[in-house]
Amino acid sequence: MAKTRALLTETEREQIAGEHGDDRRYQAVSRIRGRINDELTSDVAILQEHHPDLYDELREVVCKPDGNTASSGRE
């Protein structure tokens, strides 16, 4: 069974972790930042308007109250 992804590919996970050198890490960060600013923003707006329950589920995962949020650990 094929593994699905959310935001990062398996290779991008490795690149972000520094397993492929700094240049690859920089490229992965740039691609991911583009997805966050373009595609993810649009997806969130669609969920918020058309499927509030899924939007709430997404917010619960991304904005966990235990301090483990998407804004933690920024560069």
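Up top you'll find the structure we're talking about.
Residues numbered from 1 in each chain as written. Predicted model: local features only at pLDDT ≥ 70, side-chain atom pairs only at ≥ 80, totals over all residues. Heavy atoms only, no water.

Caption draft 1: Region of the structure containing the overall build of the chain. Scanning the chain from N- to C-terminus turns up 3 helices and 0 strands. In sequence order, the secondary structure elements of the chain are arranged as α-α-α. Per-residue burial for the chain yields a buried fraction of 9% across its 75 residues. Within the chain, contacts between residues at least 6 apart in sequence are counted, and of these 23% link residues at least 24 apart. Put simply, the chain shows about 6,300 Å² of open surface, and 50% of that area lies on carbon and sulfur atoms. (Helix = DSSP H or I, 4+ residues; strand = E, 2+ residues; numbered from the N terminus. Buried < 20%, exposed > 50% of the residue type's maximum accessible area, 1.4 Å probe, protein only. Contact = heavy atoms within 4.5 Å. Areas by Shrake-Rupley, 256 points an atom, 1.4 Å probe, with all protein chains shown as cover.)

Caption draft 2: Fine view of the environment of Tyr-26. Along the chain, Tyr-26 falls in helix α2 (residues 22–50). Since its relative accessible area comes to 63%, Tyr-26 is described here as exposed.

Caption draft 3: Main features of the pattern of salt bridges. Counted under the stated rule, the structure contains 3 salt bridges. A salt bridge links Glu-12 to Arg-31, with the shortest nitrogen-to-oxygen separation between them at 3.0 Å. With Glu-12 in helix α1 (residues 10–16) and Arg-31 in helix α2, this residue pair connects regions lying 19 residues apart in the sequence. The salt bridge partner of Glu-12 is Arg-35, with a shortest N-O separation of 2.5 Å. (Salt bridge = Lys/Arg side-chain N within 4 Å of Asp/Glu carboxyl O.)

Caption draft 4: Inspection of the side chain of Arg-35 at higher detail. Mapped onto the fold, Arg-35 is located in helix α2. Contacts of Arg-35, omitting those with residues within four sequence positions, involve Arg-5, Leu-7, Leu-8, Glu-12 and Leu-40.

Caption draft 5: Expanded view of the packing of α2 against helix α3 (residues 52–62). Contact pair α2 / α3: the axes reach a minimum separation of 6 Å and the direction vectors enclose 130 degrees. In terms of their interaxial angle, α2 and α3 are classed as oblique. Note on element contacts: α3 touches α2 through Pro-52, Leu-54, Tyr-55 and Leu-58, opposite Val-44, Leu-47, Gln-48 and His-50. (Axes fitted to C-alpha atoms, helices over the stretch in contact; angles between N-to-C directions. Parallel < 35°, antiparallel > 145°, perpendicular 65-115°, else oblique.)

Keep in mind these numbers describe shape, not what the thing actually does.
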